[in-house]
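One-letter residues, chain by chain:
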Amino acid sequence: MPEGDSVVRLAHRLRPVMQGKTLQHTDFRTSRLAALDLEDWLVDDIVTTGKYLSMHIQAPDPARLAHSNLVVLSHLGMDGSWQVDAHPSHQTRCIFTFDEHQVLGFSLATLEVIPPDIAQQRFDKLGPDILAPDWHDPVTAEGLRVRVLKNFRQTVDQPIATALLDQRLVAGIGNIYRCEVLLLARINPYRMLSELRDEQLTGLITLCHELMVLNIPPIADEQSRRCTVDLRPDPSAPFGIRIADATERARARADRRRRRGNTPAYWVYGRHRTGCLRCGHRIRTAAFGAEPLAERNVAWCPSCQRD
Ligand SMILES: [Zn+2]
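A quick note: this is a predicted structure, and the numbers were derived from the prediction, not measured.

Draft legend 1. Up close: the environment of leucine 131. When you line up the elements, leucine 131 lands in the loop between helix H2 (116–124) and helix H3 (138–154). Given a relative accessible area of 15%, leucine 131 falls into the buried group. For the pair leucine 131 and cysteine 208, spaced 77 residues apart in sequence, the C-alpha separation works out to 9.7 Å. Residue contacts for leucine 131: discarding those within four places in its chain leaves Gly4, Asp5, Val8, His209, Met212, Val213 and Ile216.

See below:
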């Protein structure tokens with residue numbers, strides 16, 4: 001299951017290839033869409049909502065069509081992808097041909113072509129988007145935090161590790177950031193929502209947002225791999241840590257490039273063999289709730305995350 005930042009990066013990659021371009025040919029390889037032909041439709045915009053990718057398309061002659069605007073809505077699911085100029089395979093779900101390039105969707109969990117209002121109905125079921133543009137403004141960001149907190153308080157009591165992945169409460173967080181923010185906040189994944197203070201819950205969401213923003217352009221370069229370790233101690237900040245400033249990050253990234261291959265990118269995620277990056281303790285993992293198989297394993301440090 002992708003993280004929201006992967007979907008935002010994907011939109012960044014697809015925009016130069018698709019946006020403002022006219023479809024020369026479409027080939028949908030799913031039974032429901034097989035008859036659909038979007039030749040001459042124009043790609044208006046590509047936007048993300050949580051883990052959904054929306055390609056907004058416009059009809060060549062709006063007067064002739066009931067829906068002059070449609071959305072190609074997709075969700076990558078466990079291992080879906082959109083690729084430019086790739087070779088088709090049995091996992092190809094659609095091929096969009098433009099003048100200069102082809103864009104192919106593989107193994108997509110969701111692929112629909114629907115009117116914008118129907119797409120909006122899907123989004124209305126999601127919690128606030130952890131990467132929504134509203135986070136850039138302190139007032140609207142505070143509104144988002146309050147809405148997520150309200151969702152946490154109004155839902156059934158459950159372990160925080162389960163709640164962070166429930167897209168109806170907050171949209172866009174995947175397993176990696178869930179593991180990482182719980183380690184950084186020193187919160188045990190089994191702690192119930194009702195046991196956590198409001199400041200802890202909003203602090204987790206803020207930290208998660210800040211770490212994800214670090215990993216999407218223009219702050220991260222398109223090629224750099226995801227990394228959550230660019231932090232500094234700060235006793236006055238929530239959980240005693242702050243995001244490293246631009247100079248500190250540039251230094252850290254240059255250092256990582258020099259030592260390519262051996263530099264840790266995460267605190268606990270994927271560190272079953274090496275141990276917790278903070279204290280070296282052996283990492284534990286456990287499956288949570290009814291999440292899909294690959295999503296279930298939360299990694300945490302029993303030494304850092306006692307509470
Ligand atoms: Zn530890």
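Having put the structure on the table, let's press on.
Draft legend 2. The coordination of the zinc ion, seen in detail. Protein coordination at the zinc ion comes from Cys276 (SG), Cys279 (SG), Cys301 (SG) and Cys304 (SG), with a distance range of 2.3 Å. Judged by its relative accessible area of 39%, cysteine 279 falls in the partly exposed class.

Draft legend 3. Inspection of the environment of isoleucine 241 at higher detail. Tracing the backbone through its elements, the reader meets isoleucine 241 in strand S10 (residues 241–243). Once the C-alpha coordinates of isoleucine 241 and leucine 184 are considered, the two residues, 57 residues apart in sequence, prove to be 8.0 Å apart. If sequence neighbours within four positions are ignored, isoleucine 241 has contacts with Leu184, Leu207, Leu231, Arg232, Pro233 and Asp234.

Draft legend 4. Expanded view of the sheet that holds strand S7 (residues 102–106). Taken together, four strands build an open sheet; the order of strands is S1-S6-S7-S5 and the sheet is antiparallel. Looking at strand neighbours, the two that pair on one side only are strand S1 (25–28) and strand S5 (81–84), the edges of this open sheet. If you compare each strand with its neighbour and ignore which way they point, the axes differ by 15° on average. Bridge count between S5 and S7: four bridges; the pairing is antiparallel. The partner of glutamine 83 across the bridge, within S7, is leucine 104. The strands that helix H1 (residues 4–18) touches are S5, strand S6 (92–97) and S7; relative to S5, the one it contacts most, it runs at about 40°.

Draft legend 5. Broad picture of the side chain of aspartate 5. Within the fold, aspartate 5 resides in helix H1. Take aspartate 5: its relative accessible area is 1%, and that puts it in the buried class. A distance of 2.5 Å separates a polar atom in the side chain of aspartate 5 from a polar atom in the side chain of tyrosine 177. Excluding residues within four positions of it along the chain, aspartate 5 makes contact with Leu131, Tyr177, Met212, Asn215, Ile216 and Arg226.

Draft legend 6. Fine view of the sheet that holds strand S3 (residues 52–58). If you trace the four strands from one edge of the open sheet to the other, you get S2-S3-S4-S8, paired in antiparallel fashion. Bordering the open sheet on either side are strand S2 (42–49) and strand S8 (110–114), each of which pairs with just one other strand. On average, adjacent strands in this sheet sit at an angle of 15° to one another, irrespective of strand direction. Pairing geometry for S3 and strand S4 (residues 69–75), over seven bridges, is antiparallel. Bridging across to S4, leucine 53 finds its partner in serine 74. Helix-sheet contacts for H2 involve S2, S3, S4 and S8, and the interaxial angle to S4 is about 35°.

Draft legend 7. View of the nonpolar core. Ranked by internal contacts, the top residues of the largest apolar core, which has 57 residues, are Ile130, Phe152, Ile160, Ile173 and Ile205. Of all the elements in the fold, those that place two or more residues in this core are H3, helix H4 (160–165), helix H5 (175–184), helix H6 (198–214), S10 and strand S12 (297–300). Top element by residues in this core is H6. It accounts for nine residues. When sequence neighbours within four positions are dropped, the list of residues in contact with isoleucine 160 reads Leu182, Ile187, Asn188, Pro189, Arg191, Leu193, Leu196, Leu201 and Leu204. Ile46, Val72, Cys94 and Leu108 belong to the second-largest nonpolar core, a separate cluster that totals 28 residues.

Draft legend 8. Quick look at unusual backbone geometry. For aspartate 40, which is not glycine, the phi dihedral falls at a positive 75°. One can find aspartate 40 in the loop between S1 and S2. The exposure class assigned to aspartate 40 is partly exposed, which follows from its relative accessible area of 40%. Unlike most non-glycine residues, arginine 186 shows phi in positive territory, near 55°. Positionally, arginine 186 belongs in the loop between H5 and H6.

Calculation notes
Residues numbered from 1 in each chain as written. Predicted model: local features only at pLDDT ≥ 70, side-chain atom pairs only at ≥ 80, totals over all residues. Heavy atoms only, no water. Helix = DSSP H or I, 4+ residues; strand = E, 2+ residues; numbered from the N terminus. Buried < 20%, exposed > 50% of the residue type's maximum accessible area, 1.4 Å probe, protein only. Contact = heavy atoms within 4.5 Å. Donors = N, O, S within 2.8 Å, 3.2 Å for Na, K, Ca; no water. Pairing = 2+ DSSP bridges. Axes fitted to C-alpha atoms, helices over the stretch in contact; angles between N-to-C directions. Polar contact = N/O pair within 3.5 Å; in protein donor to acceptor, adjacent residues only side chain to side chain. Core = buried A, V, L, I, M, F, W, Y, C linked by side-chain atoms within 4.5 Å.

Fair warning: the whole summary comes from geometry, so function is off the table for now.
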